[in-house]
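# Structural overview
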Amino acid sequence: MASQFSRRRFAVRRPAETPALERPALPGSVVDAVLRFHDEAQDQGSGRTLLRLSPKRLKAPEVKAYLGKLASRAANVAILWNEDESQIIRVLEAA
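What counts, and at which threshold
- Residues numbered from 1 in each chain as written.
- Predicted model: local features only at pLDDT ≥ 70, side-chain atom pairs only at ≥ 80, totals over all residues.
- Heavy atoms only, no water.
- Helix = DSSP H or I, 4+ residues; strand = E, 2+ residues; numbered from the N terminus.
- Buried < 20%, exposed > 50% of the residue type's maximum accessible area, 1.4 Å probe, protein only.
- Contact = heavy atoms within 4.5 Å.
- Phe/Tyr/Trp six-rings, centres within 6.5 Å; stacked < 30°, edge-to-face > 60°.
- Patch = residues over 30% accessible without salt bridge, like charges linked within 9 Å, V, L, I, M, F, W, Y side chains within 5 Å.
- Areas by Shrake-Rupley, 256 points an atom, 1.4 Å probe, with all protein chains shown as cover.
- Salt bridge = Lys/Arg side-chain N within 4 Å of Asp/Glu carboxyl O.
- Lys, Arg positive; Asp, Glu negative; His and termini not counted.
- Charge placed at Lys NZ, Arg CZ, Asp CG, Glu CD.

## A few points about the overall build of the chain
For the chain, the count of helices and strands is 5 helices and 4 strands. Its helices and strands in sequence order give the chain the pattern α-α-β-β-α-α-α-β-β, from N to C terminus. Relative to its 95 residues, the chain shows a buried fraction of 24%. Relative to all contacts within the chain whose residues are 6 or more apart in sequence, the contacts with residues 24 or more apart total 50%.

## Digging into the packing of aromatic side chains
Under the criterion given, the structure shown has 1 aromatic pair. Taking the centre distance of 5.6 Å and the plane angle of 70 degrees together, the rings of Phe37 and Tyr66 count as edge-to-face. Of this pair, Phe37 sits in helix α2 (residues 28-37) while Tyr66 sits in helix α4 (residues 61-67), and the two are 29 residues apart along the sequence. A residue is classified by how much of its surface remains accessible, and Phe37, at 12% relative accessible area, is buried.

## Comments concerning a negative patch on the surface
Judged by side-chain charge, Asp43, Glu83, Asp84 and Glu85 come together as a negatively charged surface patch. Within the element layout of this structure, Asp84 appears in the loop between β3 (77-82) and β4 (87-93).

Right under this line is the structure:
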């Protein structure tokens, strides 16, 4: 007969619960959509530009078809773009 200690030692642990306020990671398709379809570009100086999708652009058929249910998340995303290197510096998402 197994002792009480050994039964406790091999007990199955439950996975840690995540807080209800935690948001899943931003899908790459949203970042890609902002890069492809952006219509707002604000110069930040030093060869950097902030790229966004305007509310009007989010309603365009090609953008709606590309994003689907993720359109609401794309409305809160901005990308800081390095014009000299042609690369993303940072992806920002409003909470």
